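Listed here are the chains, written in short residue letters.
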Amino acid sequence: MPSSMPRQPRICWLTEEFFPPDVGGMGVITGALSQGIAAQGLEVRVITRQTQPPVAVSEWLDKVEVRRIPPAEEMKGTGLRAIPLVLGYLLRLIVLLSREAGRYDVVIISGMKIIPLVAVPLGRLLRKKIIVRVESPFELAEPISGESTRAMNNAVARLLSRVLRRMQLTVLRNSSCVIAISKDMEVLLQRTVPGPARVVDIPNAIDLSRFRPVLAADKARLRAVLGIPADKSVVVYAGRLSRSKGILLLMEAFREVAAGCSELHLVVVGGGLGSWDECESEVHALAASEELRDRVTLAGPSDRVHEYFQASDLFMLPSDYEGFGLTLVEALACGLPAVATSVGVAPQIIRAGVNGFLCPPKDSPALAEALRAALRRRTDWLEMGRHSREAVAHFDIQQVSARYVSLCRELTGCSRERKASAERSFPR
């Protein structure tokens, strides 16, 4: 790069999950966005937690440098036993960020539970720009997760929750900006985090070239390959097998509706490993019950989620809550209409009767009725799927990555420097 051109901002992304190998929503989107930003010419390094089983401590994944630090143990839901693990993790993070301060200009943090507690004040001390992505409304509502609270003494839990909440709000207000990944999150942040912190609306993103509709012949081929019945109306769920994802609610609603519709088949993609409220054994027991035997395909965890969507006819998102709802966007991009609870980004992209159906969360009868409403419109699913694809066009990974690049340039003054440099090079 010519010396007259300003240096691009260098990014350090902090996250507890990263894909590969983590396949949770946070890990997948962090992996996609870091690669998307790097593809647009910015230097990106990621610091994340080690996994279980362990993987490489340091490696390059395409254009992104990834560093993994201990602990690999599960900390959520362990109560006071997590404190030494958390403190050790934060200390390693402080050392690494301080030692490599000359290698980055902007810190992006996924999640606000613990990393921002040290990264925001340290970043201000080191004169770095700090961006915090709040991944879920529960990060604001529960400074300590409900399962961890139940593992502690009630008085201790209440005290720690109050202290942590105050600390979290303080560091959020002192960040350079806070990312809201959906309109619901933006409203919640503006109400919860008053002060100088700027809230910026940037959604999650997907690769629209991978998540896309296929022709009928390709759909039939995929069903044969994936072991999905060729002659059924296939409903698909993809996500963790956990209670908060609403999978048990979905199984209950599906059983009720499928009793009167012999053509209906459910495909469940995902597992419960690593989830504090996993219910995989219960899902398997329900699928093996007399009412659902031969009506449900349990595909397990898969890196071919897009193919399961392409082989299906209707997507279901039964979650109790979502910060965003990445699988919903992925399914719509594959041309599927959807039945979804009104959480995360769903109310923004689902138009009732046009590309899907909405219902309240945690309401099995309402979910069953929404599925029946979708079945009554079965002849319109192909046309609804076209509207689905149109509704998520703006979530393309290149467009969203470009917004992060612009934000980082703006925060570091690079955009102003580039404009001034261009005006000097090309005087009017």
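Residue indices follow the written sequence of each chain, beginning from 1 at its first position. Only residues with pLDDT of at least 70 get local features here, since the model is predicted, and only at 80 or more are side-chain atom pairs given and counted; chain-wide, interface and lining totals rely on the full set of residues. The basis for every side-chain value is the complete set of heavy atoms in the structure, and neither hydrogens nor water enter the calculation.

Peer 1: What exactly am I supposed to notice about the packing of aromatic side chains here?
Peer 2: The way to describe two aromatic rings as a pair is by their centre distance and the angle between their planes. To pair, rings of Phe, Tyr and Trp, with the six-membered ring standing in for Trp, must have centres within 6.5 Å; the planes then decide the type, stacked if under 30 degrees apart, edge-to-face if over 60, and tilted in the middle. According to the stated counting rule, one finds four aromatic pairs in the structure shown. With 5.5 Å between their ring centres and 85 degrees between their planes, F309 and F315 make a pair best called edge-to-face. Assigned by exposure class, F309 and F315 land together as buried. Ring geometry for F324 against F395: centres 5.7 Å apart, planes inclined by 80 degrees, an arrangement best described as edge-to-face. Placement of F324 in the loop between β12 (314–317) and α12 (326–333) and of F395 in the loop between α15 (381–391) and α16 (397–412) is noted, with a sequence separation of 71 residues between them. Put simply, the rings of F211, F309 and F315 touch in pairs and so form one group of aromatic residues. Above the ring of Y104, the side-chain terminus of K128 is found at 5.0 Å from the ring centroid. Note on exposure labels: buried denotes an accessible area under 20% of the residue type's maximum, exposed denotes more than 50%, and partly exposed covers the range between, all computed with a 1.4 Å probe on protein chains only. By the criteria applied, helices consist of DSSP H or I runs no shorter than four residues and strands consist of E runs no shorter than two, each listed in order from the N terminus. Any Lys NZ or Arg CZ that is within 6 Å of a ring centre and within 35 degrees of that ring's normal is treated as a charge sitting over the ring.

Peer 1: Before we go on, may I ask you to explain the sheet that holds β12 in this structure?
Peer 2: To summarise the sheet geometry, strands pair through backbone hydrogen bonds and adopt either a parallel or an antiparallel arrangement. The criterion for strand pairing is that DSSP finds at least two bridges linking the strands in question. Taken in spatial order, the six strands line up as β11-β10-β9-β12-β13-β14 in an open sheet, and their pairing is parallel. Among the strands making up the open sheet, the edge pair consists of β11 (296–300) and β14 (356–359). The sheet shows a mean angle of 20 degrees between the axes of neighbouring strands, taken without regard to direction. Where helix α9 (residues 247–258) meets the sheet, its contacts fall on β9 (233–238), β10 (264–269), β11 and β12, and the angle it forms with β10 comes to roughly 165 degrees. Axis lines are fitted to C-alpha atoms, over the contacting stretch for helices. Their N-to-C directions set the angle, which ranges from 0 to 180 degrees. Any pair of residues with heavy atoms lying within 4.5 Å of one another is described as a contacting pair.

Peer 1: What is the right way to read the nonpolar core from this model?
Peer 2: Note on soluble globular proteins: their nonpolar side chains tend to be buried together. The term nonpolar core refers to a set of buried residues drawn from Ala, Val, Leu, Ile, Met, Phe, Trp, Tyr and Cys, joined through side-chain atoms within 4.5 Å. By size, the foremost hydrophobic cluster in this structure holds 102 residues, and its most contacted members are L14, F309 and L328. With residues up to four places along the chain from it excluded, the contact list for L328 reads F315, L317, A338, A340, V345, A346, I349 and I350. Ranked by size, the runner-up nonpolar core spans 35 residues in total, among them V235, L250, A253 and V339.

Peer 1: Would you mind showing me how to read the pattern of salt bridges here?
Peer 2: As a working rule, side chains carrying opposite charge can pair if their charged atoms are close by. We count a salt bridge whenever a side-chain nitrogen from Lys or Arg sits within 4 Å of a carboxyl oxygen from Asp or Glu. A full pass over the atoms with the stated rule returns 23 salt bridges. For D313, the salt bridge goes to K219, with nearest N and O atoms at 3.5 Å. On the criterion of sequence distance, the pair formed by D313 in the loop between α11 (305–310) and β12 and K219 in helix α8 (residues 216–226) is long-range, its members being 94 residues apart. Overall, the relative accessible area of 17% leaves D313 in the buried class. Residue classification places K219 among the partly exposed positions, given a relative accessible area of 21%. Across the pair E369 and R376 runs a salt bridge, and its minimum N-O distance is 3.1 Å. When its relative accessible area of 36% is taken as the criterion, E369 is described as partly exposed. The class for R376 is exposed, based on a relative accessible area of 59%. Through salt bridges with shared partners, a single ionic network connects E43, R45, E65, R67, E100 and R103.

Peer 1: Mind showing me how you'd approach the pairing of strand β7 (residues 177–180) here?
Peer 2: Looking down a regular strand, the side chains alternate between one sheet face and the other. Here β7 shows a buried face lined by C177 and I179 and a second buried face lined by V178 and A180. Of the pairings in the sheet, the one linking strand β6 (residues 129–134) to β7 comprises four bridges and is parallel in character. If you follow I131 over to β7, its bridge partner there is C177. This β-α-β element, β7 to helix α7 (residues 183–192) to strand β8 (residues 198–201), shows right-handed connectivity. Handedness of a crossover is defined as follows: orient the strands so they point away from the viewer, and if the path from the first strand over the helix to the second runs clockwise, the crossover is right-handed.

Peer 1: Honestly, unusual backbone geometry in this entry has me stumped. Any pointers?
Peer 2: With the exception of glycine, most residues fall at negative phi, and the peptide bonds are largely trans. With an omega dihedral of 5 degrees, the bond running from P20 to P21 counts as a cis peptide bond. Inspection of the secondary structure assignment puts P21 in the loop between β1 (11–14) and α1 (25–39). Of note, the amide linkage connecting Q52 to P53 takes the cis form, showing an omega dihedral of 5 degrees. Note that P53 resides in the loop between β2 (44–49) and β3 (58–61). If you check the backbone angles, D62 has positive phi at about 60 degrees while not being a glycine. Counting through the fold element by element, D62 comes out in the loop between β3 and β4 (64–69).

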